[in-house]
Amino acid sequence: MVGLTGCGEEAKPAAQLLQERTCFGVFTRDDLAPFLGDGDDVRVSGASDAELTAARRGVTCTVAAGSNYFQASATRQPLGQSFFWNRETIHPAADPLALGDDAIVYNVGARALVNCRGGTDEFGLEVHVSGDVDKMKPEERRPLFAKLVAKLLDAAKQQSKCRV
């Protein structure tokens, strides 16, 4: 099927082409719509779930529509070995979030870290979301990233059997 643009047709939100839930089953079409703009070509790549184990230490999901994108990732690491978040290089400065053991939100993304007790070990669970913000109002960015990183953290904790 070929879609034509122009000719009086109104552009449709690219997110309408997504399954109802995507990226580890966490995010809805409405969650991702602000990042994707309009269009008829959406690509999703990455893992279908965020279950992390000692053998499966990281997952990433990318949703792209043309040059617009959204990305989410989760990583399991030994306690005390989280990625270094160089807050000094983030401009304007990141804001703290009340999630887990350490969390920040900034204009193009958000990160959160929680220390977990699993079935047989302890580990750090780190999640990150980022995306194309060109079509968003500046005052909408940080609240949206904060909401999405919280959703991802909750799902990754549940799927990875993380107890805090």
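In this text, all values refer to a predicted model and were calculated from it rather than measured experimentally.

Participant: Just give me the short version of the environment of Asp-132, but keep the residues and values in it.
Facilitator: Among the structural elements, Asp-132 can be located in the loop between strand 9 (122–131) and helix 3 (138–159). For Asp-132, a relative accessible area of 10% translates into the label buried. For Asp-132 and Gly-109, which are 23 residues apart along the polypeptide, the C-alpha to C-alpha distance reads 9.3 Å. Residues contacting Asp-132, with those up to four places away along its chain left out, are Pro-34, Phe-35, Ser-67, Asn-68 and Tyr-69. At 3.1 Å, the side chain of Asp-132 and the backbone nitrogen of Asp-134 are in polar contact.

Participant: Mind laying out the pattern of salt bridges, listing which residues take part and the relevant values?
Facilitator: A full pass over the atoms with the stated rule returns nine salt bridges. Glu-51 is the salt-bridge partner of Lys-161, the closest N and O atoms lying 3.8 Å from each other. Note that Lys-161 is positioned in the segment after helix 3 and Glu-51 in the loop between strand 3 (43–46) and strand 4 (58–65), a separation of 110 residues in sequence. The exposure class of Glu-51 is partly exposed, given its relative accessible area of 33%. With a closest N to O distance of 2.8 Å, Arg-142 and Asp-95 form a salt bridge. Of this pair, Arg-142 sits in helix 3 while Asp-95 sits in strand 6 (residues 95–96), placing them 47 residues apart in sequence.

Participant: Give a detailed account of the sheet that holds strand 3, specifying residues and quantitative values.
Facilitator: One open sheet holds the seven strands; their spatial order is 3-4-5-9-8-7-6, and the pairing between them is antiparallel. Of all strands in the sheet, those with a lone pairing partner are strand 3 and strand 6, marking the two edges. As judged from the four bridges shared by strand 3 and strand 4, these two strands associate in the antiparallel manner. Following the sheet pairing, Ser-45 is matched in strand 4 by Thr-62.

Participant: Provide a residue-level description of the pairing of strand 4, including the pertinent values.
Facilitator: On a regular strand, each side chain points to the face opposite its neighbour's, so the side chains alternate between the two faces of the sheet. Across eight bridges, strand 4 lies against strand 5 (residues 68–77) in antiparallel orientation. Pairing of Val-59 across the sheet is with Ala-74, part of strand 5. The turn linking strand 4 back onto strand 5 is made up of two residues, and Gly-66 within it adopts a positive phi angle of 60°.

Participant: Can you tell me about unusual backbone geometry, naming the residues and giving the values?
Facilitator: Leaving glycine aside, a negative phi is the common case for residues, and trans is the common case for peptide bonds. Look at the link from His-91 to Pro-92: it is a cis peptide, with omega at -10°. Checked against the element boundaries, Pro-92 lands in the loop between strand 5 and strand 6. In this structure, Cys-23 takes a positive phi of about 50° despite not being glycine. Summarising the element assignment, Cys-23 is placed in helix 1 (residues 23–26). The phi angle at Lys-161 is positive, at roughly 55°, despite the residue not being glycine.

Rules of the game
- Per chain, residue numbering runs from 1 following the sequence as it is written.
- Per-residue local features are limited, in this predicted model, to residues with pLDDT of at least 70; the limit for side-chain atom pairs, both in listing and counting, is 80 or more; totals at the level of whole chains, interfaces and linings are taken over all residues.
- Side-chain measures were taken over the full set of non-hydrogen atoms in the model, leaving aside hydrogen atoms and water.
- Where helices and strands are cited, they refer to DSSP runs of H or I of at least four residues and of E of at least two residues respectively, numbered from the N terminus.
- For the exposure calls, accessible area comes from a 1.4 Å probe over protein chains only, and a residue counts as buried if that area is under 20% of its type's maximum, exposed if over 50%, partly exposed in between.
- Two residues form a contact once any of their heavy atoms are found within 4.5 Å.
- In the analysis that follows, any N or O atom pair within 3.5 Å is treated as a polar contact, provided that within protein one partner can donate a hydrogen and the other can accept it, and provided that, for residues neighboring in sequence, both atoms belong to side chains.
- Salt bridge, as applied in this entry: a Lys or Arg side-chain nitrogen positioned within 4 Å of an Asp or Glu carboxyl oxygen.
- Strand pairing is assigned whenever DSSP detects at least two bridges linking the two strands.

Everything listed here is a matter of coordinates, which is why it stays silent on function.
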